[in-house]
Amino acid sequence: MEKIIASDKPSCAMDNRNRHDKSVRLSKRNGPFKGVYHVPDHIKYIDDKTFFRSDDLEHVFLNYDLLSIGDSAFEGCTELWSIRIPENVIHLGESCFEDCYGLMDVRFCNQIKELPKDAFRNCGQLEKIVLPDTITKIGSSCFEGCGFKIITLPTNLKEIGDYCFSDCDKLTSIQLPSTLTKIGVHAFDGCISLKEITIPDGVKELPRYCFARCTSLTSIKLLSSVAFEDCPKVN
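A brief report on the enclosed structure follows. Given the structure is predicted, the values throughout are model-derived calculations rather than measurements. (Residues numbered from 1 in each chain as written. Predicted model: local features only at pLDDT ≥ 70, side-chain atom pairs only at ≥ 80, totals over all residues. Heavy atoms only, no water.)

**What about the overall build of the protein chain?**
Part 1 of the reasoning: Within the protein chain, the secondary structure is distributed over one helix and 17 strands.
Part 2 of the reasoning: Looking at the protein chain as a whole, 47% of its 235 residues are labelled buried.
Part 3 of the reasoning: The long-range share in the protein chain, meaning contacts at least 24 apart out of those at least 6 apart in sequence, stands at 19%.
Part 4 of the reasoning: Total accessible area computed for the protein chain in this model is approximately 12,700 Å², and 48% of it derives from carbon and sulfur atoms. (Helix = DSSP H or I, 4+ residues; strand = E, 2+ residues; numbered from the N terminus. Buried < 20%, exposed > 50% of the residue type's maximum accessible area, 1.4 Å probe, protein only. Contact = heavy atoms within 4.5 Å. Areas by Shrake-Rupley, 256 points an atom, 1.4 Å probe, with all protein chains shown as cover.)

Structure follows, in structure tokens:
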């Protein structure tokens, strides 16, 4: 089997060279999209709103050479139930899977570093998602209103955006990684099933309403002792 080395993979330079070439782009004009759709092998870019509100789209096979998924590319695809992000994807647009109410399973095979705002907002049936450890930032409202009970966050995550997990009313457990330094406002607002949370040492400030309306929350553990220095009776 031929060994694939790093230089064989797409680069940002390739992205800049070919991004205006219509022959490697998929857009809404290539539709309508229904049932099961296979993205052609030559496509490298899925344009903004390409599959927007394609109500009859059930499953999409994304090709290996795909580099970018545009803003709102699959927004409102209510019958889409599963998606696998190929390993060469280096960009996800805002709201790319927002309002995909039937989406239940998302798998990342790539090394993406950031999830954009509203990416999976209102995916109420989303129960399973595997995030790569390369992700360092999750944008605002990225998972707002999602349906998972447990989610494993990337081990290198540094920032959770505003409203990121707000109204995830089925979420019972989440482990914040030791690398985390910032939690946004309202980040876990309305997580009514969340029972306990441990704040890593790197988080020096908890913003307003980040755990508002967490009506089942009974335990908050702060790993940083700086705020309570010289308080010998505090456990």
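**Examining the packing of aromatic side chains**
Part 1 of the reasoning: All chains considered together, the criterion is met by 13 aromatic pairs.
Part 2 of the reasoning: Between F33 and F51, the aromatic rings sit 4.3 Å apart at their centres with planes inclined by 45°, giving tilted as the arrangement. Pair noted here: F33 is in the loop between β1 (25-26) and β2 (35-38) and F51 is in the loop between β3 (45-46) and β4 (57-61), with a separation of 18 residues, a long-range link.
Part 3 of the reasoning: Taking relative accessible area as the criterion, F33 reaches 4% and is therefore assigned buried.
Part 4 of the reasoning: Pairing F143 with F148 gives two aromatic rings, centres 5.7 Å apart and planes at 70°, and the pair type is edge-to-face. (Phe/Tyr/Trp six-rings, centres within 6.5 Å; stacked < 30°, edge-to-face > 60°.)

**Considerations on the pairing of strand β8 (residues 105-108)**
Regular strands have side chains that alternate between both faces of the sheet.
Part 1 of the reasoning: When strand β6 (residues 82-85) meets β8, the two strands line up parallel, connected through four bridges. By the bridge assignment, I83 is partnered in β8 with V106.
Part 2 of the reasoning: Pairing geometry for β8 and strand β10 (residues 128-130), over three bridges, is parallel. What sits directly across from V106, in β10, is I129. (Pairing = 2+ DSSP bridges.)

**Notes on a negative patch on the surface**
Part 1 of the reasoning: On the surface, D55, D56, E58 and E79 cluster together to form a negatively charged patch.
Part 2 of the reasoning: Within the secondary structure, E58 sits in strand β4.
Part 3 of the reasoning: By relative accessible area, E58 is classed as partly exposed at 42%. (Patch = residues over 30% accessible without salt bridge, like charges linked within 9 Å, V, L, I, M, F, W, Y side chains within 5 Å. Salt bridge = Lys/Arg side-chain N within 4 Å of Asp/Glu carboxyl O. Lys, Arg positive; Asp, Glu negative; His and termini not counted. Charge placed at Lys NZ, Arg CZ, Asp CG, Glu CD.)

**Thoughts on a nonpolar patch on the surface**
Part 1 of the reasoning: The grouping of L206, I220 and L222 at the surface amounts to a nonpolar patch, some 260 Å² of accessible area in total.
Part 2 of the reasoning: Its location among the elements puts L206 in the loop between β16 (196-199) and β17 (219-222).

**Details of the pairing of β16**
Part 1 of the reasoning: By the alternation rule, side chains of β16 split into I197 and I199, which are all buried, and E196 and T198, of which none is buried.
Part 2 of the reasoning: When β16 meets β17, the two strands line up parallel, connected through four bridges. Its bridge partner being in β17, I197 is matched across the sheet by I220.

**Overview of the pattern of salt bridges**
Part 1 of the reasoning: For the structure shown, the criterion picks out eight salt bridges.
Part 2 of the reasoning: Here K204 makes a salt bridge to D201, at a shortest N to O gap of 3.9 Å.
Part 3 of the reasoning: For K204, a relative accessible area of 60% translates into the label exposed.
Part 4 of the reasoning: Overall, D201 belongs to the partly exposed group, its relative accessible area being 40%.
Part 5 of the reasoning: Counted as one network, the salt bridges with shared partners bring together E98, R121 and E144.

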